[in-house]
Amino acid sequence: MSSFDALRSQMVEAATAFAEGPGAVPDILAGIVDDVDRALREELEIFPVCHHSPASGLAMVRRLREKRPKVIYLELCEDMTPLLNELRNCRLPVALQAFASQLDGFPQEWGPLSVVAPITEASAEYQAIAYALDTPGVELVLVDRSTDHVFQWQPREDEAPSAEGAEESEDADLHGDAVGIEIGDLRPRFAELERHLLHHGKVRHWSEWWDQYVEQPLAGADYATYRQVMVLIGSLFRRLQPTDARRVKVDEDRERYMWTRMREHLARTGVDKADCLYICGAFHAASRVEEFGTAEGVPDFEISPRTGTKWLYGLIPSSHSAIEAQFGLASGSVSIAAATWQKAVARERLQPFQLEGQRGARKRKAVAATGAGAAPEPVNDRLTGFLASPPVLDGLDEEELLGWCVDIVRLARRNGYLASTADAIAVFETSILLAGMRNRARPTPYDFQDAAVTCIEKDAVPGRRDVRRLCEILLGGDRVGQVGYEALPPLAQDVYDRLAPIGLDLTRSTVQRALLDIAGRPELAPASHLLWMLRYLLPDGAVRPIMGTRRLGEKSIQESWDLSIGKHQRYIIELGYEGVTVEQVVEQRLRRSVWAPDATAAVALRAVEDSILFLGSRRFTDELGARAVELLSAERTVDDAPEVLKRIRRLLAYYRSAEPTLPTWCESFVTAGYAHYCTLLPTAFVDDETGVGQVAAMLGFLFTMEGLALSLGCDRAQLELAVRQSHPESPAKVALLWSAHHQLGLLPLPDLRARCADLLANPLVVPSVPQYLSGFIQALDPAPKLTPFVVEFMSNAFAKLPDPVLLPWLPTLITTLRDQAGELVPVLIREAGRTFPSTLAALDAFVPPWLAPSPASSRRSPAGAGAALTATSHPAAAFLAAHPATTDALAETLGLEPTWREIGPTVAATAPLPLLSTYGETAEALATLLAAPV
């Protein structure tokens, strides 16, 4: 005979009459009553909770002080037990975290794995933890599946698990992509049921419905009524859920796991069940698995062993918005719940439990667990009266509502709204009106929010925060927790210690400006070095340099930083899972990046730079450089050629200035790259998927590294053969090939000038001239001496082409240069500035160098002497003429007669023609050098 027989019969009869006959509804309602009866008849007392519910927290405080249990079984990952004592060193809310980056037994694409369980002061779980840890003689046992089993039960065909819920504020990502452990999750899994409840409850979202129909009625209810109602709700949501065999199996396996662990503990310790309390979500309290209960003969669940994955544990900061995102709650609901908790505690004069040493907590006298608490009461039906009686309507608290209205107007004015006393009155009256329309005598915070938005926000938001956000701030704000120094991993503590000389309070969540005068205070140099490493490791915004740089061969004497260490504490804590020091983490990440499956030579060279900048270990740097050589030799594409060229140039310049000899890996990289790009050059020229920039970078590597490569044993014939075998078709690549031929001496400048003249004379080719020009400009990197010629080519195009031809391809020219050669256009502009006159008066008498009469010395020099001096080399002649004594000595040393002669009408000087004609290539190189920017 059950005390719920009368209720069961009443509900079945009502459901049968409503449905006009037997069916699923009567069976569901009868099953709900059976679930309540089964949970309450269990000898081990079950305490059903809802996550972060003030009603659950209040009931937990009352029950703990009344029963004073000796053993508390808590629904939380059993391997997180060592973390609980560290909560006393933190400011709530924080989250317990398990982290694994090196996986053994899980798919590698799932890594890194992370599990978080947030804890707030108003939650029933925290009250139980505080009671158990600070009360002598009480044992706290976590009985939920281990972190390893959380992912063991994750289907392997799924992608990497991640937390659910949208991130709605700047602090909503404090949990990152970690999987959230839902302690006491209580929400309909049947979408139509939730929509039905919201519609008939006249509310906007689930959090508001729960506050109105569960939180407020249960806040002052007795313990027996609270238990029965919570199990009833859990059973209702359990029975009215979609048929998802996978999720149902995981839920049931969790329940089997927990009951098995509790029976094992009872058998091992022999503790009396009357002195125990089992705290779990109301959803799991209504369990129907065969392993439910602690009676004799109940079968155990076979628990699989853990994998070889090594889990690391710690505490990370949490926030109200992060909890809302994790559990899919409405924005501001957790802050409202915290405010409700504080108000209820003050109203009922309850003394909640707090861990000794908790930040902001007063010392409280510990209560011994004598086991002489309240005896188990007989199970009486409290549901019938609760369900049959109308809700008790709280009276209007005018003082509280008036305070809200005045404060929201003051806060709105600070944020740019034109609010006044009239708006405060309007918010007050509208709040009462909305509450009446929703069958509430007392306006809730949600009614107040809606009224404030209606009366104050109007149609525009003048600042960064809207009125709804201001209401959340007014009612408690998005409280962000913080992990105390004592609870931090060694790496995080080391970071705080090493940054102490800066003199800032790094625990603050605001952005702080740090000014480092490294020249005046050398002791700040280690802190600066650490900040640069943190900038490399942490996400954007944690540490941001305002003044100062960190490049190869450079050292800042003054730096300025914007630091937000407190707000990004979670990321620093997670660095502690990877190593003991920041340097170790940097080394591990660099090594991991170069050995990743998608690693390239450019990635390895970047790692080499970072190793030099942050670690200064020659052995490790050489290891990364050797890996770069391997990756370059194994590449079959040239997509990263521009990045490779830029970085190897920078590294070679650094080593030449800092060390007497180049490292072995640098020499190997140059020789391997020379052979590698020579081999791929013909294919890259004709491959449509290879861009002009990539081919230009290949040529830049081959030409700029040619001297070093030849000194290391490479054969120049390999480059000449590769260039001769290249036969591109696209105009830009054709221009690149011509530039390469000229650089190798295969295409003299007059012949190149003739080819370009043919381009401008051919009407069919003129539309492609911008593409040719783009190729020539990109060739300025491997062949910088072509800069005057490119100016000449562009000038001839603008001078010779008629407007009907020139104007249509001008837009194409501009877009092509911007997209393909934007970084080299300034070089061209500087050369044009040196070529053309700077004043309008000089423009009439100006004769372009390429139109000036050729000097007598322009004939070819003897074989082996190189190209003859042209008019474009006049700066060299002027330079030699300015130093006649040195020039005569140089000519005599070379065995030439120092004969001086006029070389052109545009040069008001004389030049030694034998010297210039014999060594024409040297003269041309000298002229280019003199024309180059300083």
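Not measured: the values here are computed from a predicted model. (Residues numbered from 1 in each chain as written. Predicted model: local features only at pLDDT ≥ 70, side-chain atom pairs only at ≥ 80, totals over all residues. Heavy atoms only, no water.)

### A short note on the overall build of the chain
So, point 1. For the chain, the count of helices and strands is 38 helices and 13 strands.
So, point 2. By residue count, 52% of the 934 residues in the chain fall in the buried class.
So, point 3. A sequence separation of at least 24 residues applies to 75% of the contacts in the chain between residues at least 6 apart. (Helix = DSSP H or I, 4+ residues; strand = E, 2+ residues; numbered from the N terminus. Buried < 20%, exposed > 50% of the residue type's maximum accessible area, 1.4 Å probe, protein only. Contact = heavy atoms within 4.5 Å.)

### What to know about the nonpolar core
So, point 1. Membership of the largest hydrophobic core comes to 169 residues, with the highest contact counts inside it found for Leu 96 and Phe 669.
So, point 2. Of all the elements, helix α25 (residues 664-686) adds the most residues to this core, at 12 residues.
So, point 3. Apart from residues no more than four positions distant in its own chain, Leu 96 is found in contact with Leu 76, Met 80, Leu 83, Leu 84, Leu 87, Val 115, Val 116, Ala 117, Ile 119, Gly 314 and Leu 315. (Core = buried A, V, L, I, M, F, W, Y, C linked by side-chain atoms within 4.5 Å.)

### Some points on the packing of helix α23 (residues 618-634) against α25
So, point 1. Two numbers describe how α23 lies on α25: the axes approach to 9 Å, and their chain directions differ by 10°. Classified by the angle between their axes, α23 and α25 sit roughly parallel to one another. In contact with Thr 621, Asp 622, Gly 625, Ala 626, Ala 628, Val 629, Leu 632 and Ser 633 of α23, α25 contributes Trp 665, Ser 668, Phe 669, Ala 672, Gly 673, His 676 and Tyr 677.
So, point 2. Tallied by class, the residues present in the contact of α23 with α25 amount to eight nonpolar, six polar and one charged. (Axes fitted to C-alpha atoms, helices over the stretch in contact; angles between N-to-C directions. Parallel < 35°, antiparallel > 145°, perpendicular 65-115°, else oblique. Nonpolar A, V, L, I, M, F, W, Y, C, P; charged D, E, K, R; others polar.)

### A look at the pattern of salt bridges
So, point 1. All told, the structure shown has 44 salt bridges when counted by the stated rule.
So, point 2. For Arg 306, the salt bridge is made with Glu 78, and the minimal N-O distance between the two is 3.5 Å. Of the two residues, Arg 306 is situated in the loop between α10 (282-285) and β8 (312-317) and Glu 78 in the loop between β2 (71-77) and β3 (94-100); the sequence distance between them amounts to 228 residues.
So, point 3. Judged by relative accessible area, Glu 78 falls into the buried class, the value being 16%.
So, point 4. Between Asp 134 and Arg 88 there is a salt bridge, with the nearest N and O atoms lying 3.1 Å from each other. Remark: Arg 88 occurs in the loop between β2 and β3 and Asp 134 occurs in helix α4 (residues 124-134); sequence separation between them is 46 residues. (Salt bridge = Lys/Arg side-chain N within 4 Å of Asp/Glu carboxyl O.)

### As for the sheet that holds strand β9 (residues 512-517)
So, point 1. The three strands are arranged β9-β11-β10 in an open sheet whose pairing can be described as antiparallel. The outermost strands of the open sheet, each flanked by one partner alone, are β9 and β10 (543-547). Here the strands of the sheet are splayed against their neighbours by 25° on average, with no regard to which way each runs.
So, point 2. Together, β9, β10 and β11 (558-563) form the strand contacts of helix α19 (residues 525-537), whose direction differs from that of β11 by roughly 45°. (Pairing = 2+ DSSP bridges.)

### Focus on the pairing of β3
So, point 1. Burial analysis of β3 places seven of its seven residues in the buried class, which makes it a mostly covered element.
So, point 2. With burial as the criterion, each face of β3 is covered, one bearing Val 94, Leu 96, Ala 98 and Ala 100 and the other bearing Ala 95, Gln 97 and Phe 99.
So, point 3. Summarising the sheet, β3 and strand β4 (residues 113-119) pair through seven bridges and their orientation is antiparallel. Across the sheet, the residue bridging to Gln 97 is Val 116, located in β4.
So, point 4. Inspection of the sheet shows β3 paired to β8 by six bridges, in the antiparallel sense.

### Focus: the sheet that holds strand β5 (residues 139-144)
So, point 1. Taking strand neighbours across the sheet as the criterion, the four strands line up as β1-β7-β2-β5 in an open arrangement whose pairing is parallel. Among the strands making up the open sheet, the edge pair consists of β1 (45-49) and β5. For this sheet, the mean inter-axis angle between neighbouring strands, taken without regard to orientation, is 30°.
So, point 2. Set on the sheet, helix α3 (residues 54-67) makes contact with β1, β2 and β7 (276-281); between it and β1 the angle comes to about 155°.
So, point 3. Of the strands in this sheet, β1 and β7 touch helix α8 (residues 223-239), which is tilted by about 65° from β1.

### So, the confidence of the model for the chain
So, point 1. Looking at the chain, pLDDT values average 80 and 80% of them are 70 or higher.
So, point 2. The low-confidence segment residues 364-369, where pLDDT is below 50, has 20 contacts with residues more than four positions distant or belonging to other chains. (pLDDT = per-residue confidence, 0-100.)

### Observations regarding helix α30 (residues 749-761)
So, point 1. In a regular helix each residue adds 1.5 Å, so 13 residues correspond to 18 Å; α30 covers 18 Å between its end C-alpha atoms and thus fits that length.
So, point 2. Inspection of α30 places Leu 749, Leu 752, Cys 756, Leu 759 and Leu 760 among the buried residues, and these make up the whole buried set. The buried residues of α30 all sit within an arc of 95° when viewed along its axis, so they share a single face. Across α30 from its buried face, at more than 90 degrees, point the exposed residues Pro 750, Asp 758 and Ala 761.
So, point 3. Where α30 is buried, its residues touch α29 (731-743), α31 (769-778) and α32 (787-800). (Expected span 1.5 Å × (residues − 1). Arc of directions from axis to C-beta.)

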